[in-house]
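# Structural overview for review
Here are the chains, one letter per residue:
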Amino acid sequence: MLFGIEWDTSTSWAFAWSILPILLRGMVVTIQASLLGFFVALGLGLLLASLKGVPLKIIAWPAAFITEFLRDTPLLIQLFFLYYVLPDYGIVLPAFLTGALALGVQYSAYTAEVYRAGIQAVPRGQKEAARALNLSERLAFIHVILPQAVVRIVPAMGNYLVSIMKDVPVLSVVTVLEMLNVAKIIGDRTFNYLIPLTMVGALYLLLTLIASWGVRVLDTRLPKRGIPLK
Amino acid sequence: MNEPIIRFEKVVKRFGELTVLDELDFEVAPGEKVTIIGPSGSGKSTVLRVLMTLERINAGVVYVDGEPLWHEPHQGTLKPASEAHLRKMRQKMGMVFQHFNLFPHMTVLRNLTEAPRYVLGLSPQEARQRAEELLELVGLSDKAEAFPSQLSGGQQQRVAIARALAMRPKIMLFDEPTSALDPELVGEVLRVIRSLAEEHELTMLLVTHEMDFARRISDRICFFDQGRILEQGPPEEIFSSPKEQRTREFLHAVLHPEE
């Protein structure tokens, strides 16, 4: 029994059918952690990308260092750090929040790079033309640079959303009851790992296929008429 | 000569070790049509880019319409200009780029109405009307709803000229406007520029390699070499009897490339 739901071990099919609602509970947690982590990555990545673009080196260099540090250390170390070290300094977060935050922090290093590359891919002449027309920096960014950068940014971000989903099982080490952890517990208690793990694999496949499809749909809906994309 | 509308005083511009403008002194009278010629790297385009505030200067003062461009008066001396000052000064100028630099995600009409609406504060109707008049001027009334990528290079450059004019600048800067065009498309752009040159009020500064064209529309030709004006004068004088050896060599190389 898990989450108050009993399993039926009479036949394989009955077993699979009976644990499906339990795994779906875990899937909800997986989706929640993915989305929360993704939004943290989008926000924090934008912040890092902006800071790295500041002409003042005293701001730009630490931002560049943090980005590099996050990208070059394993997610698990960052997760352990947040989970085991932060409480020593009085910051105690629930496992789920800690895990989602760790995902977001790690992936912010990647999304920062996506933002930077997307904006840099807009030819310099666009900014110059905006300035020659006396558009303010803000207006030039919002009306000229951003619409041309977004169509390059969105597909890459979608790929990271799928990656984050696939990294969620790492959170099981800090007791988050996401889908894989749930399957493992079921296996531990029934001595049947084959069925729950196979089901988790199938559910994951479903999840990432849907996410990829969603990103593709979003991509085709972006207004990109006329923008030269290489 | 009237009070010049553009005046460079001992202007220095360096890119790293390279000195692109070397204590340049240069003046343009209101309404004057001046063409800058010279070998590549001589600082021709930099003059325009400094005026359009795309490049900062390292020393000297540039005056536009009686006011310092890159400086503001401050307690009797000049301090570096604020963004507000630069925006006020930019209002006087429009620029046409070698590679057009139209906004690819906007229709032709929106390219022309964007800045008048958001910078000058025109209503959508006013901006649209102004844009339509200008599209007629450059002969592209039927392309208002097209995207830049659907136009030929020559058409794109004519849109770019209309876009700059939509801001009603006193000074128009043309940075090699036909250099990126296929030869058969050069004429349509030059015709538009020539029709502008007939406007008495508009001051024009043109960097080009189209020597015949420069000769026909310019009041004055400036030959740039190594960041300075080596020689300047009326077109007939520069093209027919240049005094300087470097000018002669340059003109010969441009006009008779096969020799």
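Going by the structure above, here's the rest.
Below you will find a few notes about this structure. On a predicted model such as this, the values are computed, not experimentally measured, just so you know.

## Points about the overall build of chain A
Tallying secondary structure elements over chain A gives 8 helices and 0 strands in all. When the elements of chain A are put in sequence order from the N terminus, they spell out α-α-α-α-α-α-α-α. Within chain A, the proportion of its 230 residues that are buried is 44%. The contacts in chain A between residues at least 6 apart in sequence include a share of 73% that link residues at least 24 apart. Accessible surface, chain A: about 12300 Å² in total, of which carbon and sulfur atoms supply 70%. Placing the 18 positive and 12 negative side-chain charges of chain A at their respective mean positions leaves the two points 14 Å apart.

## Considerations on empty space enclosed by the protein
Throughout the structure, instances matching the rule amount to 1 cavity of 30 Å³ or more. As a volume, the largest cavity reaches approximately 50 Å³. Residue lining of the largest cavity: Ala129, Ala132 and Leu133 of chain A together with Met93, Gly94, Met95, Phe97, Arg163, Ala164 and Met167 of chain B, and that is the complete set. When residues of the lining of the largest cavity are traced back to their parent elements, those giving at least two are helix H5 (124-132) of chain A together with strand E8 (93-96) and helix H5 (153-165) of chain B. Partitioned by chemical class, the residues of the lining of the largest cavity number 8 nonpolar, 1 polar and 1 charged.

## What to know about the nonpolar core
Residue and element names in this part refer to chain B. Membership of the largest hydrophobic core comes to 98 residues, with the highest contact counts inside it found for Phe8, Phe26, Val47, Leu51 and Leu205. Look past the residues within four positions of leucine 51 in its chain and what remains in contact with it is Ile6, Phe8, Val62, Val64, Leu69, Met93, Leu173 and Leu205. If you look at the next biggest cluster of nonpolar residues, it comprises 37 residues, including Leu140, Ala162, Ala197 and Met204.

## Looking at the interface of chain B and chain A
Every contact between the two is made by 27 residues of chain B and, on the other side, 21 residues of chain A. Taken together, the two surfaces of chain B and chain A that pack against each other cover about 2100 Å², and 60% of this comes from carbon and sulfur. Counting every contact that joins chain B to chain A gives 1 salt bridge. As a salt-bridge pair, arginine 49 of chain B and glutamate 128 of chain A come within 2.6 Å of each other at their nearest N and O atoms. Counting across the interface, chain B meets chain A through 8 residue pairs in polar contact (both at pLDDT 80 or more). Broken down by element, the side of chain B that touches chain A gets its largest block of residues, 4 residues, from helix H3 (residues 108-118) of chain B. Taken together, the residues that form the side of chain B that touches chain A break down as 15 nonpolar, 6 polar and 6 charged.

## Here we look at the layout of surface pockets
Left-over empty space is what a probe sized like a water molecule reveals as it rolls over the atoms. Space inside the largest pocket adds up to approximately 710 Å³. For the largest pocket, the lining is made up of 23 residues, of which Ile119, Lys127, Glu137, Phe141 and Ile145 of chain A are closest to its centre. Listing elements by their share of the lining of the largest pocket, those giving two or more residues are helix H1 (12-52), helix H4 (95-120), H5 and helix H6 (137-167) of chain A together with helix H2 (83-90) of chain B. Looking at the lining of the largest pocket, its residues break down into 12 nonpolar, 4 polar and 7 charged.

## A word on the sheet that holds strand E4 (residues 59-64) of chain B
All names here are of chain B. Pairing in this open sheet of 4 strands is antiparallel, and the strands run E2-E1-E4-E5 from one edge to the other. Strands at the two margins of the open sheet, each flanked by one partner only, are strand E2 (18-28) and strand E5 (67-68). Where strand E1 (residues 6-15) and E2 come together, 7 bridges link them in antiparallel fashion. Among the inter-strand pairings, arginine 14 is bridged to a residue of E2, identified as threonine 19.

## Observations concerning unusual backbone geometry
It is generally the case that most residues other than glycine have a negative phi and that most peptide bonds are trans. Residue and element names in this part refer to chain B. Phi at phenylalanine 100 is positive, roughly 65°, even though this residue is not glycine. Residue position: phenylalanine 100 is located in the loop between E8 and H3. The backbone phi angle of arginine 168 is positive, close to 50°, even though this residue is not glycine. Locating arginine 168 in the fold gives a position in the loop between H5 and strand E9 (171-175). The class for arginine 168 is exposed, based on a relative accessible area of 53%.

## Points about a nonpolar patch on the surface
There is a patch of nonpolar side chains on the surface, built from Leu36, Ile91, Leu93, Leu97 and Leu101 of chain A and spanning about 350 Å² of accessible area. Looking at where leucine 101 of chain A falls in the secondary structure, it is placed in helix H4.

## Let's talk about the sheet that holds strand E12 (residues 228-233) of chain B
All names here are of chain B. Strand order across the open sheet formed by 6 strands is E8-E9-E10-E3-E11-E12, with mixed pairing between neighbours. Only two strands of the sheet have a single partner each, and these edge strands are E8 and E12. Averaged over all pairs of adjacent strands, the angle between their axes in this sheet comes to 20°, without regard to strand direction. Alignment of E9 against strand E10 (residues 203-207), held across 5 bridges, turns out to be parallel. Looking at the pairing, leucine 173 lines up with leucine 205 of E10. Its contacts with the sheet place H5 against E8 and E9, and it is angled at close to 170° to E8.

## Notes on the pattern of salt bridges
Residues and elements named next belong to chain B. Within the structure shown, the criterion is met by 20 salt bridges over all chains. Where arginine 7 meets glutamate 9, a salt bridge forms, and the shortest distance between an N and an O atom there is 2.4 Å. Its salt-bridge partner being glutamate 67, residue lysine 88 comes within 2.9 Å of it at the nearest N-O pair. Here glutamate 67 lies in strand E5 and lysine 88 lies in helix H2, a separation of 21 residues in the sequence.

Criteria and cut-off values
Residues numbered from 1 in each chain as written. Chains lettered and ligands numbered in written order. Predicted model: local features only at pLDDT ≥ 70, side-chain atom pairs only at ≥ 80, totals over all residues. Heavy atoms only, no water. Helix = DSSP H or I, 4+ residues; strand = E, 2+ residues; numbered from the N terminus. Buried < 20%, exposed > 50% of the residue type's maximum accessible area, 1.4 Å probe, protein only. Contact = heavy atoms within 4.5 Å. Areas by Shrake-Rupley, 256 points an atom, 1.4 Å probe, with all protein chains shown as cover. Lys, Arg positive; Asp, Glu negative; His and termini not counted. Charge placed at Lys NZ, Arg CZ, Asp CG, Glu CD. 1 Å grid on protein atoms, 1.4 Å probe; cavity = no way out; pocket = protein on both sides within 12 Å on 5 of 7 lines; lining within 4 Å. Points joined across faces, edges and corners; volume = space filled by probe spheres on them. Nonpolar A, V, L, I, M, F, W, Y, C, P; charged D, E, K, R; others polar. Core = buried A, V, L, I, M, F, W, Y, C linked by side-chain atoms within 4.5 Å. Buried area = accessible area lost by both parts, 1.4 Å probe. Salt bridge = Lys/Arg side-chain N within 4 Å of Asp/Glu carboxyl O. Polar contact = N/O pair within 3.5 Å; in protein donor to acceptor, adjacent residues only side chain to side chain. Pairing = 2+ DSSP bridges. Patch = residues over 30% accessible without salt bridge, like charges linked within 9 Å, V, L, I, M, F, W, Y side chains within 5 Å. Axes fitted to C-alpha atoms, helices over the stretch in contact; angles between N-to-C directions.

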